[in-house]
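# Overview (structure and organization)
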Amino acid sequence: MSLTAYSAVIRRLVVSPGSGAQDREPVRASAAAVSAVLRAFGRAPEQLPTRTVVYVGATAPDPALAPSHEGCEVRTASSPGRALRLAHQELQDRTADFALVAGFGEPEPDTITVYAIKRAAEAIADNDTVLGTVDPNAVADPDVTPPLRALHYGRRDTNPSHHRLLLWSGQNPQDERRIRGELMPLLGGLHSEAFPALPTAVPCGAKPGPVRGAAVTVAPLSSAAVHKARPVTVRSARPVALLFPGQGSQHSAMAAGLYRREPVFTAAVDAALSHMGEEGSRIRDDWLNPAAPLIPVDDVRRAQPLLFAVDYALGRLVLSWGIRPVAMLGHSAGELVAATLSGVVSLPDGVAMMMERVRQAVRIPAGGMLAVAATEDQLRPYLTVDVSIAAVNANQQTMLAGSAEPLAEVEQRLRGDGLTVVKVPATSPFHSPAMAPASDAVETAYRRIPLREPTLPLYSGYTGELLTPQDAMSPRFWARQITDTVYFKQALESLLAVDDMLLIEAGPRQTLTAFARRHRAVRLAASAAVPLLPSRPGTAEADRQSVLGAASRLWTEGHDLDLVALSRLWTWSADGTPNAQQAPSGAPGPRPLATATT
């Protein structure tokens, strides 16, 4: 089975409901006991994923136990072993996204062993500590609790030719100079094979000081890079906000240099694609084999699914470094990624919403989008019934959208009047009236999607303001995004009015970074904008080098990073791991390159 088909145990806890502890009577699988199970790991039921199921494994469950409890479905099995197997199958079948499995009477008659399990790729993408994967076939007796197998995912790979990050700090400028002076001779005389194994930050084991330096380098240039680096004195770290670009930012093989080279990014891409059914495998193949794609990357059937997977994976990557953003802002389709990471929808539902957009978009006659160096008011005389303002992104940065022929006519007029016009790589007229039938169709589908209030501030390009709970939970709000204008400029204005921010663009091409750098707060250096990926297609090493550059900026801004997680960018690889076994018949999604063994 593939990694995406496995359920992984991320937590295990023995709890006692209380009353039976003194007389050692077997604990009953009652409603009160299920309440204890739901809270076993310190989270209220409303904080659990929307499709959470509780499996009760008990020889004699309370006959009065209801099929749902505190908003979660409850299922019973005659033994803890059967409960684990059923939960594993339900996660594999994707009818649930998270399971709490309660083994009543384990390990003592008055206790309950509670397992928290989710699909393995999603556990890795969430940077969870995985205890092991459920192996339902290891023991023939279904009543025996199946064992947990170690999760084998990738291998250590210390290639000396790859770029890595060197971080150091001191308590004051003199201390920083001393530490740097000790580091440079070490690097100059170091064998290149040992270079990747050096600590990520020095001095080791000490709390980072306020005077910080960083260098992204390869072994032969490392000493010179450290010498040339300019230290920064940290006063207070600006809070981080994540930006997620939409269609128009995509390009062939975008971020592919991180795939197989960073475990959280790799697992997050696999997790997103696995929820796209059989199409997920084809999308992945076109992404990793851009020379001969089945469908071009600018087609909506490739652009939006791939952008969703890449944006989502980059967001997860930043979170895995220990960064906790204070806000998120997405552009067009990127707003669905922001909604997923901020808790409005689960990953499977976010993917479902995006794929429904794509399904309906391909039914609309071909169209396109234009980027024009003009204001919204300057472009109003050029608008027609079929061509509208698609996005207002920055000063003198406006987009138009419409059906193919009317848009071509408007483009000719604009060029004739001396305006700078650039065709946006898009094949559908998003954010124009032509998309109205698609908007109505997706609204019907979205009514079946559980929507929640965001768990962190999410700024919307469709209102230009902080997303309200009412809009977050409105199927119509998400459906009208297909036709409505994106007011990214106003949304960014609202975000930067709250505080000075470090904006991190989690997506390809640096489109939103360029828009942000036109903002007055960024031009005055009160806020800053940093891209994760290069501005144009390049090599796989360029992708990693760019991400490391963004991480170094976070360090010198004063953010304390998870150094172990960060080091995986130059010490981890999925290449060379055992081939994954084929997923069972009907199991959706692509086959990842690292496996959990059975």
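As a reminder, the structure under discussion sits directly above these lines.
Definitions and limits used
Residues numbered from 1 in each chain as written. Predicted model: local features only at pLDDT ≥ 70, side-chain atom pairs only at ≥ 80, totals over all residues. Heavy atoms only, no water. Phe/Tyr/Trp six-rings, centres within 6.5 Å; stacked < 30°, edge-to-face > 60°. Lys NZ or Arg CZ within 6 Å of the ring centre and 35° of its normal. Axes fitted to C-alpha atoms, helices over the stretch in contact; angles between N-to-C directions. Helix = DSSP H or I, 4+ residues; strand = E, 2+ residues; numbered from the N terminus. Parallel < 35°, antiparallel > 145°, perpendicular 65-115°, else oblique. Left-handed = near helix turned anticlockwise from the far one by under 90°. Contact = heavy atoms within 4.5 Å. Pairing = 2+ DSSP bridges. Core = buried A, V, L, I, M, F, W, Y, C linked by side-chain atoms within 4.5 Å. Buried < 20%, exposed > 50% of the residue type's maximum accessible area, 1.4 Å probe, protein only.

Right, let's talk about the packing of aromatic side chains for a bit. One pass over the structure, following the stated rule, counts five aromatic pairs. Over the face of the ring belonging to tryptophan 555 we find arginine 212, whose NZ or CZ atom lies 4.4 Å from the ring centre.

The next thing to look at is the packing of helix 8 (residues 300-320) against helix 9 (residues 334-341). Between helix 8 and helix 9, whose axes approach to 9 Å, the crossing angle comes to 40°. Relative to helix 9, the element helix 8 lies oblique. In this structure, helix 8 meets helix 9 at a crossing whose hand is right-handed. In contact with Phe308, Asp311, Tyr312, Gly315, Arg316 and Leu319 of helix 8, helix 9 contributes Gly334, Leu336, Val337, Thr340 and Leu341.

As a further point, take the sheet that holds strand 18 (residues 397-403). Spatially, the four strands line up as an open sheet ordered 17-18-16-19, and their pairing is antiparallel. If you trace the sheet from one side to the other, it starts and ends with strand 17 (387-394) and strand 19 (421-424), each paired once. Strand-to-strand twist in this sheet, taken as the mean axis angle between neighbours without regard to direction, amounts to 25°. Bridge count for strand 16 (residues 367-372) against strand 18 is six bridges, and the pairing is antiparallel. Bridging from a neighbouring strand, alanine 371 pairs with methionine 399 of strand 18. Contacting strand 16, strand 17, strand 18 and strand 19, helix 12 (residues 404-416) crosses the sheet at an angle of about 140° to strand 18.

Looking now at the nonpolar core. Considering soluble globular proteins, one finds that nonpolar side chains tend to be buried as a cluster. With 148 residues, the main nonpolar core has Trp321, Trp478 and Leu503 as its most contacted residues. With twelve residues, helix 8 is the largest single contributor of residues to this core. When sequence neighbours within four positions are dropped, the list of residues in contact with leucine 503 reads Ala241, Leu243, Leu492, Leu495, Leu496, Ala516, Ala528, Ala529 and Val530. Counting residues in each nonpolar core, the second largest holds 14 residues, with Val53, Ala83, Val101 and Val134 among its members.

Purely spatial values, then, with no claim about function.
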